[in-house]
Amino acid sequence: MEFTEEQNMLRDTIRKLCREKVAARAVEADESGEYPWDIHRVFVENGLFKIRVPAEYGGVPMDAASVCIVVEEIARADGGSAITIVHHLAGLGCFLEGASAEQRGRCLPRVGRGDYLVGFALTEPGAGSDAFALGTRAVPSADRDGYVLNGRKCFISNAGLTDLYVIFATLDPSRRREGVTAFLVEKDTAGFSVGKAERKMGLRTSPTRDLLFEDMWLPVENRLGQEGKGWEIVLRSLTDTRVLIAAMSLGIAEAALEAAVRYAREREQFGRAIASFQGVSFMLADMAIQVECARALIGQLTSSMDRGQRNQPYLASVAKCFSSDMAMKVTTDAVQVLGGYGYTRDYPVEKMMRDAKATQIIEGTNQIQRVQIARNLLKMY
């Protein structure tokens, strides 16, 4: 896929911004596990939380390829900062899929300011890959036009940072898919609270917490879409969110490949650079092949999305699964190329490997992606 002049300028701008403002600071934030508010302010000042918001609400509309360029370049500098943007965009995508004109007018101007984050919450302790097994219950209020929600969400990225959550609850667990309904929850809603931060292997600059709902009342105006149609909102937004994880995976892998090549050219053994040894050079070549294959897949998917072919669960699953598996392999090989140094925190590749692991899990595990791919194959042939 060839990029336009504007897209190449966008890539150069975001890459320069992230190298100067994100990369070095992200290492410190990873060590402490604290959210880097200085990086957050950089994103706000440069309008990165406004992308995909319609222009009439103060946003910065972008096509799918351009959004992936932004995510990829942020991920080259820091996976944790990338997932902060990705999850905001995923929540915004769910909102845009289901919001009424009134809800758009009420919420989007705030997102268009650039400092208002949207998130979504589906996963629960008993509902991960089996997303229909929701325990969070929405009961129509007997005396007011609205719903009372009780339950718990877990592993929610940006929890505590997010201003507006798209959450999914069930009206009746026995109805499975037909019971799933989406709601809008603002962070200061009575009965809503955020749990403690998880201690994670990677993506440590991004907070991950539980969301708790205790007799939380929501007016009917906060229902997103129709009753029992929440899963349709999820399905319509899956292509968007999975291509974002693919782009994030690509960025992490590119950074690892760059670090491995640089090290292999400088590190000498037996009187010459280790890059001159076939065992190492072939590893680097295989890493590059996988990176370019992921880039081609993402390009094919975003190109078709920008032509209006948005609902492509098959190719989205292929791109997400391949790219995240690729990122795990490439970062692991980068650690191997650096040897003992790769295993230390003095070099960046061990952090990249930790960050890459999460991409195989979030937005649907790669085992679930393979289930989806196989199902689509059986329908296609």
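Parameters at a glance
Residues numbered from 1 in each chain as written. Predicted model: local features only at pLDDT ≥ 70, side-chain atom pairs only at ≥ 80, totals over all residues. Heavy atoms only, no water. Helix = DSSP H or I, 4+ residues; strand = E, 2+ residues; numbered from the N terminus. Expected span 1.5 Å × (residues − 1). Phe/Tyr/Trp six-rings, centres within 6.5 Å; stacked < 30°, edge-to-face > 60°. Buried < 20%, exposed > 50% of the residue type's maximum accessible area, 1.4 Å probe, protein only. Pairing = 2+ DSSP bridges. Salt bridge = Lys/Arg side-chain N within 4 Å of Asp/Glu carboxyl O. Core = buried A, V, L, I, M, F, W, Y, C linked by side-chain atoms within 4.5 Å. Contact = heavy atoms within 4.5 Å. Axes fitted to C-alpha atoms, helices over the stretch in contact; angles between N-to-C directions. Nonpolar A, V, L, I, M, F, W, Y, C, P; charged D, E, K, R; others polar.

> What is the right way to read helix H8 (residues 278-306) from this model?
The periodicity of an α-helix, 3.6 residues per turn, causes residues three or four places apart in sequence to face the same way. The terminal C-alpha atoms of H8, which comprises 29 residues, lie 41 Å apart, in line with the 42 Å expected from a rise of 1.5 Å per residue. Gly-308 sits one or two positions beyond H8 and adopts a positive phi of about 100°.

> Hey, could you run me through the packing of aromatic side chains in this one?
Each aromatic ring pair is specified by the distance between its two centres and by the angle formed by the two planes. With the rule as written, the count across this model stands at 9 aromatic pairs. Arranged with centres 6.2 Å apart and planes meeting at 75°, the rings of Phe-270 and Phe-277 form a pair that is edge-to-face. Under the relative-accessibility criterion, Phe-270 is labelled exposed at 78%. Among the aromatic residues, those joined into a cluster by ring pairs are Tyr-165, Phe-192 and Phe-213.

> Looking at this structure, I do not really get the pairing of strand S2 (residues 137-140). What am I missing?
For a regular strand, side chains alternate in direction, first toward one face of the sheet and then toward the other. Pairing analysis gives 4 bridges linking S2 to strand S3 (residues 146-157), with the strands arranged antiparallel. Residue Val-139 lies in a different strand from S3, and its bridge partner there is Val-148. Two successive antiparallel strands, S2 and S3, enclose a turn made up of 5 residues.

> Explain unusual backbone geometry here, please?
Among all residues save glycine, negative phi is the norm, and among peptide bonds the norm is trans. At Asn-158, a residue that is not glycine, the phi angle is positive and equals roughly 70°. By the element assignment, Asn-158 lies in the loop between S3 and strand S4 (164-170). For Asn-158, a relative accessible area of 0% puts it in the buried group. Phi at Phe-270 is positive, roughly 55°, even though this residue is not glycine. Along the chain, Phe-270 falls in the loop between strand S9 (268-269) and strand S10 (272-273).

> How should I be thinking about the pattern of salt bridges in this particular structure?
Any two side chains of opposite charge can pair, so long as their charged atoms come close to each other. Tallied over the entire structure, the rule returns 32 salt bridges. Note that Lys-351 and Asp-78 form a salt bridge whose closest N and O atoms lie 2.6 Å from each other. Here Lys-351, found in helix H10 (residues 349-359), pairs with Asp-78, found in the loop between helix H4 (64-77) and helix H5 (79-98); they are 273 residues apart in sequence, far enough to count as distant. Considered together, Lys-351 and Asp-78 belong to a single accessibility category, that of buried residues. Three or more residues are tied together by salt bridges with common partners; here these are Arg-11, Arg-15, Arg-19, Glu-72, Glu-73, Arg-76, Glu-254, Glu-258, Arg-262, Glu-292 and Arg-295.

> It is not clear to me how the nonpolar core should be interpreted in this structure. Could you clarify?
Residues Phe-43, Leu-48, Val-71, Ile-74, Ile-85, Met-248 and Val-337 are the most contacted members of the largest nonpolar core, which totals 72 residues. At the level of elements, helix H1 (5-21), helix H3 (37-45), H4, H5, helix H7 (230-266), H8, helix H9 (313-338) and H10 are the ones that each hand at least two residues to this core. Top contributing element to this core by residue count: H7, with 16 residues. Setting aside residues no more than four positions away along its own chain, Leu-48 makes contact with Ile-14, Leu-17, Phe-43, Val-70, Ile-74 and Ile-85. Val-118, Ala-131, Leu-134 and Ala-182 belong to the second-largest nonpolar core, a separate cluster that totals 28 residues.

> Sorry if this is basic, but what is going on with the packing of H4 against H8 here?
Two numbers describe a pair of packed helices, the interaxial angle and the distance between the axes. Look at H4 against H8: their axes get within 8 Å of each other, and the N-to-C directions meet at 145°. Residues Ala-64, Ala-65, Cys-68 and Glu-72 of H4 form the contact with H8, whose participating residues are Arg-295, Ile-298, Thr-302, Met-305 and Asp-306. Of the residues belonging to the contact of H4 with H8, the class tally is 5 nonpolar, 1 polar and 3 charged.

The quantities given are spatial measurements derived from coordinates; they are silent on function.
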